[in-house]
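What follows is each chain in one-letter form.
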Amino acid sequence: MFMLMEAAFAVLWARRGAGPDVVFGTVAANRSPAEFDELIGMFVNTLVVRVAPGPDEAFPDLLARVRLQTLEDLDHQHVPFDVLVKRLNPKRSGGETPLFQAMLGGQNNESMILELDGLDVTALDLPDHTAMAKVDVLLEVLEQGEEILLRWTYNADLFHRETVTALAEQLTGLLAELAAARP
């Protein structure tokens, strides 16, 4: 599912004028190398995804390419993001992340209910996501059973709510097209 969303996200940005070579970030949360197996905590790294959707490329072909590229990218997830930035040495701007401005995240873990003896635990709703944007635009794909929720976080200094709503509508339209075309 996540690779499908990567391909659809790239098509969305290509259609929105990002050009034929779409670059965005994503997160890998795995425990490699094996030396980390016994450590406590969550190990997360930022990966740079580069997708070049061809103007006449069939989506299944694009999806196959994205799948292969993602698997290759995951082979290098142990390389710290800051090391990658240093090696590539991109032109820097204080107001932007150095390699991408859009990010795609995914969550397919079931919600956990924390039960502790003698304590009442309550989940808190987070404040408005626009106030917490770490990149220009973040799309989180949340798989909850048979449902898929899309949560957009964006920098309100750069995007109007209507613009992000239009992005969301275009993406859901694209996904509906793909679902209808599926044999």
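Predicted model only: the values in this text are computed from it and were never measured.

1. Thoughts on the packing of helix α1 (residues 2-18) against helix α2 (residues 59-74)
Between α1 and α2, the least distance of the axes is 9 Å, while the angle of their chain directions is 115 degrees. Note on packing geometry: the crossing formed by α1 with α2 is right-handed. Across the interface between the two elements, M3, L4, E6, A7, A8 and V11 from α1 touch F59, L62, L63, V66, R67, T70 and L71 from α2. Of the residues belonging to the contact of α1 with α2, the class tally is 10 nonpolar, 1 polar and 2 charged.

2. Examining the packing of aromatic side chains
All told, the structure shown has 3 aromatic pairs when counted by the stated rule. Considering the side-chain rings of F9 and W13, the 6.0 Å spacing of their centres and the 85 degrees angle between planes classify their relative orientation as edge-to-face. Residue F9 and its partner W13 are both found in helix α1; the two are separated by 4 residues, about one turn of the helix. You'll find F9 and W13 in the same group, each marked buried.

3. Quick word on the environment of G54
You can see G54 is positioned in the loop between β2 (45-51) and α2. The exposure class assigned to G54 is partly exposed, which follows from its relative accessible area of 30%.

4. Let's talk about the side chain of D136
Within the secondary structure layout, D136 lies in the loop between β3 (102-107) and β4 (137-144). Owing to a relative accessible area of 14%, D136 belongs among the buried residues under this scheme. Ignoring any residue separated from it by four or fewer positions in sequence, one finds D136 in contact with Q101, T153, Y154, N155, L158 and F159.

5. What about the nonpolar core?
When a protein is soluble and globular, its nonpolar side chains tend to lie buried together. Judged by nonpolar contacts, the single largest core of 28 residues is most densely connected at F9, F24, L139, W152 and L171. Take this core: its biggest share by element is 8 residues, from α1. Residues in contact with F24, not counting those within four places in the same chain, are E6, F9, A10, L47, V48, V49, V51, F100, A102 and L104. In terms of nonpolar packing, the next biggest core, distinct from the first, is built from 6 residues, L99, F100, M103 and V135 among them.

Rules used throughout
Chains are numbered independently. Their residues run from 1 in the order of the written sequence. For a predicted model such as this one, the threshold for reporting local features is a pLDDT of at least 70, and the threshold for listing and counting side-chain atom pairs is 80 or more; totals across whole chains, interfaces and linings nevertheless cover every residue. Only heavy atoms go into the side-chain values, all of them from the structure, while hydrogens and water stay out. Note on definitions: angles span 0 to 180 degrees between N-to-C directions of axes, and those axes are lines fitted to C-alpha atoms, for helices only across the stretch in contact. The numbering of helices and of strands both runs from the N terminus, where a helix is a DSSP run of H or I of at least 4 residues and a strand a run of E of at least 2. It is the rotation of the near helix from the far one that decides the hand of a crossing: anticlockwise by less than a right angle makes it left-handed, clockwise makes it right-handed. In what follows, residue pairs with any heavy atoms lying within 4.5 Å of each other are defined as contacts. Residue type decides the class: Asp, Glu, Lys and Arg count as charged, Ala, Val, Leu, Ile, Met, Phe, Trp, Tyr, Cys and Pro as nonpolar, and the leftover types, Gly among them, as polar. A pair of Phe, Tyr and Trp rings is counted when the ring centres sit within 6.5 Å of each other, with Trp represented by its six-membered ring. The angle between the planes then sorts it: under 30 degrees is stacked, over 60 is edge-to-face, the rest tilted. Buried means the residue's accessible area, taken with a 1.4 Å probe over protein chains only, is under 20% of the maximum for its type, while exposed means over 50%, and partly exposed covers the values in between. Think of a nonpolar core as a cluster: buried Ala, Val, Leu, Ile, Met, Phe, Trp, Tyr and Cys residues, connected wherever their side-chain atoms sit within 4.5 Å.

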